[in-house]
There are 2 protein chains.
Amino acid sequence: MSNASDGMNFAPKGKPAPVVTAGEFRFAAMHLDHGHISGQCNGLIEAGGTLTKVYDPDPAKVAGFVKSYPQVQAVADPREILEDPTIRLVAAAAVPCDRGPLGCRVMRHGKDYFTDKTPFTSLVQLAEAKRVVAETGRKYMVYYSERLHVECAIAAGDLVEQGRIGRVVQVIGTGPHRHGPAGCRPAWFYEKAKYGGILCDIGSHQLEQFLFYTGNTEATIQASKVANYRFPQHPELEDFGDVTVIGGNGASGYHRVDWLNPNGLRSWGDGRLILLGTEGYIELRKYIDVTTDNGGEQLILVDQQGEHRMNCAGKTGYPYFGRLIRDCLDRSETAMTQAHAFKAAELCLQAQAVAVRLA
Amino acid sequence: MSNASDGMNFAPKGKPAPVVTAGEFRFAAMHLDHGHISGQCNGLIEAGGTLTKVYDPDPAKVAGFVKSYPQVQAVADPREILEDPTIRLVAAAAVPCDRGPLGCRVMRHGKDYFTDKTPFTSLVQLAEAKRVVAETGRKYMVYYSERLHVECAIAAGDLVEQGRIGRVVQVIGTGPHRHGPAGCRPAWFYEKAKYGGILCDIGSHQLEQFLFYTGNTEATIQASKVANYRFPQHPELEDFGDVTVIGGNGASGYHRVDWLNPNGLRSWGDGRLILLGTEGYIELRKYIDVTTDNGGEQLILVDQQGEHRMNCAGKTGYPYFGRLIRDCLDRSETAMTQAHAFKAAELCLQAQAVAVRLA
């Protein structure tokens, strides 16, 4: 982790595992509104991608980005990226409400798109993106970082695939997030039309994980809630959200997200995931193992034989990024299917839409 | 804990704290169908209660009980307890479907009643018990052991009362339970009309904790689910249940229970409770701190100042039992109000009634 106490700029450095030679997969970065753009670029670069250009309307954001990635060329006009035939993919972390339209524009220019989560703030945007994907054959991929960029989450996927806990019948995911000191967040963070609501935004990680670990392609929101308990000065901020979801295969999920992470925690959030299987369970303590000095990336497995702990830091790397690059080049779907990325987006939007407001 | 690997006979030994002199509070035990009867009796004895008589139709159960409590007189007819004017209270752990009618019979004999959870298997039984309480002025008290007989749960209540985590806005409770080897459970365990369903049964602990820690007197079930994933040979057993509940004060809860605890765990269940407050959170690892040798009774508190761990074993004792004895003598409600005991029962019955069946 680049900075354990600051989720906003969470950008893990994985084990480099290039899947292409230098210059073989050229990509650009556009719209740097969320710090996740660094995690997206790091993942692609470590997998062999070549970051060539960057665009943002704000020169200060571009200057900061260029400092981190001195190899990149800053461009003043987005068309210098969109119309550059050597660029295969555009990575972007725009304001959430702009991510869908930007992605459609990128795909209509013949490039694949890799956006920060949440990928959309409305079902209309999702429908439009589905249409453009069908029309152009391009990819609308999503940085669901809380699984893709967490080694214990990768390891858990491997254990589930090996059948170590039998059939996964339920997932509980909790994603507490630190708000940070007053003034640290941009204006859009507090405007619901821009960030989409807490279940749409950070809830998207959760619904992606539900689908992935239970192996579902279809699911229904059973119930959801949102609230603003602690930030009356920001009436459009939701600092609490939860959702329970039923998968087509009979497994279910419960997911809670919040912006209430207390200052006394050494991490930006005590994110957990618990996979309940018919033959055991797995708990992930992703970013911290609270009250110990074990660090994050802790996987706890209890099966019919015993209790097992794995410190996954440095163990798995982040295979998503290399697979994504190969998928773009080979037109395959090994990293994540388009249907999966879109279904997670649909579920988080549906959860947001039906949420009961508690406070 | 008497036996860490066996929840069925979970019977903590607390710090004795007598609130009466010997013989001042005489009670009896009737119907020993669930091993919880020992926890109920231990709690009362440690608080100064005098166990005088026991009745069960099964002589083998009585013999086992008398071995544990040699001071007790076994009686062959329940009327020898019900019509004994020196007995103040009857503790009982009947088959769940019989608990309500038994309690009404006890109260109509002028005695207070202390039943194992779950207190009822139908809303009709609850309504009848409410009527008899009103008519007789007697108490229908419930052994919600997963809070009342767990020291870290007592400590958490104290911390919440002191405001250490601000306002409690959400509770997550998980109660995995070990089924145990084939043949270890009585026949009623597998008959839904007798045990009431998983949310009615072990879910009752959870809804009691929700009301207690959030300070709610009213609440509504938002959604619930049940399933039988692993025991097709027992079609009426539910091995999974969950519920999400919204309190009158705007706090909410999510609770999951199951019979899927893997054999490799050293405890009968990795029961957890997470209290999310506006100024911090508390996690309880009640019966085991998995992959460590810390033992159970672990309380983890994270507030605005830091991360704190308390090993609560031996620290708080179990104040419920002494308060219950005083309440019976003083006709007060310091241990638990009747309304609270009944509301938790109502919620678990409602959760059971509206549950979606997943498998």
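Our subject is the structure listed above.
## A short note on the side chain of R147 of chain A
Locating R147 of chain A in the fold gives a position in helix α6 (residues 145-148). Polar side-chain contacts of R147 of chain A include one of 2.7 Å to the side chain of E208 of chain A.

## Structural notes on the interface of chain B and chain A
Taken together, the contact pairs 56 residues of chain B with 56 residues of chain A. A combined buried area of about 4,300 Å² lies between chain B and chain A, and 55% of that area is made up of carbon and sulfur atoms. Summed over the three residues of chain B that lose the most area to chain A, namely Y229, T291 and E307 of chain B, the buried surface amounts to 14% of that side. Summed over the shared surface of chain B and chain A, the result is six salt bridges. The interface formed by chain B and chain A holds 32 residue pairs in polar contact (both at pLDDT 80 or more) in total. Taken together, the elements giving at least two residues each to the side of chain B that touches chain A come down to β7 (168-176), β8 (219-227), β9 (240-247), β10 (252-258), β11 (272-277), β12 (280-285), β13 (298-303) and β14 (307-311) of chain B.

## What about the nonpolar core?
F65, F114, I282 and L299 of chain A are the most contacted members of the largest nonpolar core, which has 118 residues in total. It is helix α11 (residues 338-354) of chain A that provides the largest number of residues to this core, a total of eight residues. Look past the residues within four positions of F114 of chain A in its chain and what remains in contact with it is Q40, L44, L89, V90, A91, A92, M141, V142, Y143, Y320, F321 and L324 of chain A. Core analysis: the second largest hydrophobic core is formed by 113 residues, Y144, A156, V243 and A355 of chain B among them.

## Thoughts on the pairing of β8 of chain B
All names here are of chain B. Burial runs high along β8: seven of the nine residues are buried. Here eight bridges tie β8 to β9, and the two strands are oriented antiparallel to one another. The residue bridging S224 from the neighbouring strand is V243, located in β9. Bridging between β8 and strand β15 (residues 356-357) involves two bridges; their strand directions are parallel. Bridge assignment links K225 to a residue of β15, and that residue is V356.

Criteria and thresholds
Residues numbered from 1 in each chain as written. Chains lettered and ligands numbered in written order. Predicted model: local features only at pLDDT ≥ 70, side-chain atom pairs only at ≥ 80, totals over all residues. Heavy atoms only, no water. Helix = DSSP H or I, 4+ residues; strand = E, 2+ residues; numbered from the N terminus. Polar contact = N/O pair within 3.5 Å; in protein donor to acceptor, adjacent residues only side chain to side chain. Contact = heavy atoms within 4.5 Å. Buried area = accessible area lost by both parts, 1.4 Å probe. Salt bridge = Lys/Arg side-chain N within 4 Å of Asp/Glu carboxyl O. Core = buried A, V, L, I, M, F, W, Y, C linked by side-chain atoms within 4.5 Å. Buried < 20%, exposed > 50% of the residue type's maximum accessible area, 1.4 Å probe, protein only. Pairing = 2+ DSSP bridges.

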